[in-house]
Amino acid sequence: MHEPDDALAAVVALRRLADRLEDAAVEQAMRAGWSWPEVAEALGVTRQAVHKKHAKRLIAAGVALRRRQ
Amino acid sequence: MSKIDHYIDAIIRQGMAEAQEDGSADTEAHHLLLALASHEGTAAHAALGSAGLDRQAIRAALDREFEHSLSAAGVSLAAYDLPTPSRDPDRRPRLGASARLAIERAIAAATGKRDLRPGHLLLGILEAELGTVPRALALAGVDRTALMADVRQPLAAGSW
């Protein structure tokens, strides 16, 4: 990769993109009827982590969520 | 609260709203810059305006920097057809490291708290030589040093 500043800026941009992608992908899955444990397993994180990070905004958006199992 | 306290409070609130719209966990320096460009009646706003930097132009420059930086890692934003995710309206993005540094630099640029004005906040943001803001401005063809001089002048003359 190029100069250090380009490489470091790419890290910042990739983190931003990954965050956006996660928000969009989790919402897409939950709207499609996935459960929290399924989404968590697919992401390789605990269901507490995924619930804590995404539940409030999805509830606020009126997404019908399956009960936590 | 003094006039500058009200101003800083308004800028931080607006910056948080910008961060939330971005889906960003933190309010960063570039979110504060977008907020500064939205608040009229300051020397900072005038200096940004004469450099062609209204809120929309800054947003465009930031988007361009994002795409440019991704491309350095071989990633194209055009390859992602993402639905816009829903946001939590109650979430308050905390002040990130770059925003805190900008505020610290603003205070350092003023001669004491009583001297602190909006232009100092812009200087605090523009002083960063590394990170998203200077990269976005450079890509937009903005001379950051000249812009800083354009803010210092009215500040020295006592403008708000």
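Let me sum up the structure you'll find in this document. (Residues numbered from 1 in each chain as written. Chains lettered and ligands numbered in written order. Predicted model: local features only at pLDDT ≥ 70, side-chain atom pairs only at ≥ 80, totals over all residues. Heavy atoms only, no water.)

### Remarks on the pattern of salt bridges
Residue and element names in this part refer to chain A.
Consideration 1: Scanning all chains against the criterion turns up 15 salt bridges over all chains.
Consideration 2: K53 is the partner of E22 in a salt bridge, and the nearest nitrogen-oxygen pair spans 3.2 Å. One end of the pair, E22, is in helix α1 (residues 4-31); the other, K53, is in helix α3 (residues 47-60), and 31 residues separate them in sequence.
Consideration 3: Measuring nitrogen to oxygen at the nearest pair gives 3.8 Å for the salt bridge that ties D23 to R57. Taken as a pair, D23 in helix α1 and R57 in helix α3 lie far apart in primary sequence, 34 residues in all. Comparing D23 with R57 shows no difference in burial state: the two are buried. (Salt bridge = Lys/Arg side-chain N within 4 Å of Asp/Glu carboxyl O. Helix = DSSP H or I, 4+ residues; strand = E, 2+ residues; numbered from the N terminus. Buried < 20%, exposed > 50% of the residue type's maximum accessible area, 1.4 Å probe, protein only.)

### Focus on helix α7 (residues 132-139) of chain B
Owing to its 3.6 residues per turn, the α-helix aligns residues three or four sequence positions apart on the same side.
Consideration 1: With 6 of 8 residues buried, α7 of chain B lies mostly within the body of the structure.
Consideration 2: Among the residues making up α7 of chain B, those that are buried are T132, V133, P134, R135, A136 and L137 of chain B.
Consideration 3: Where α7 of chain B is buried, its residues touch α1 of chain A together with α2 (29-38), α4 (55-72), α6 (118-126) and α8 (144-156) of chain B.
Consideration 4: Note on α7 of chain B: the residue one or two positions beyond its end, G141 of chain B, has a positive phi of about 75 degrees. (Contact = heavy atoms within 4.5 Å.)

### Overview of the interface of chain B and chain A
Consideration 1: Each side of the interface is counted separately: chain B has 22 residues, and chain A has 21 residues.
Consideration 2: Across the interface of chain B and chain A, roughly 2000 Å² is buried in total on both sides, 63% from carbon and sulfur atoms.
Consideration 3: Summed over the shared surface of chain B and chain A, the number is 3 salt bridges.
Consideration 4: Its salt-bridge partner being D23 of chain A, residue R87 of chain B comes within 3.1 Å of it at the nearest N-O pair. (Buried area = accessible area lost by both parts, 1.4 Å probe.)

### Notes on the packing of aromatic side chains
Residue and element names in this part refer to chain B.
Consideration 1: A full pass over the atoms with the stated rule returns 1 aromatic pair over all chains.
Consideration 2: Considering the side-chain rings of Y7 and W160, the 6.0 Å spacing of their centres and the 80 degrees angle between planes classify their relative orientation as edge-to-face. Of this pair, Y7 sits in helix α1 (residues 3-22) while W160 sits in the segment after α8, and the two are 153 residues apart along the sequence.
Consideration 3: Look at Y7 and you get buried, because its relative accessible area is 7%.
Consideration 4: Positioned over the ring face of W160 is K3, at 4.2 Å from the centre of the ring. (Phe/Tyr/Trp six-rings, centres within 6.5 Å; stacked < 30°, edge-to-face > 60°. Lys NZ or Arg CZ within 6 Å of the ring centre and 35° of its normal.)

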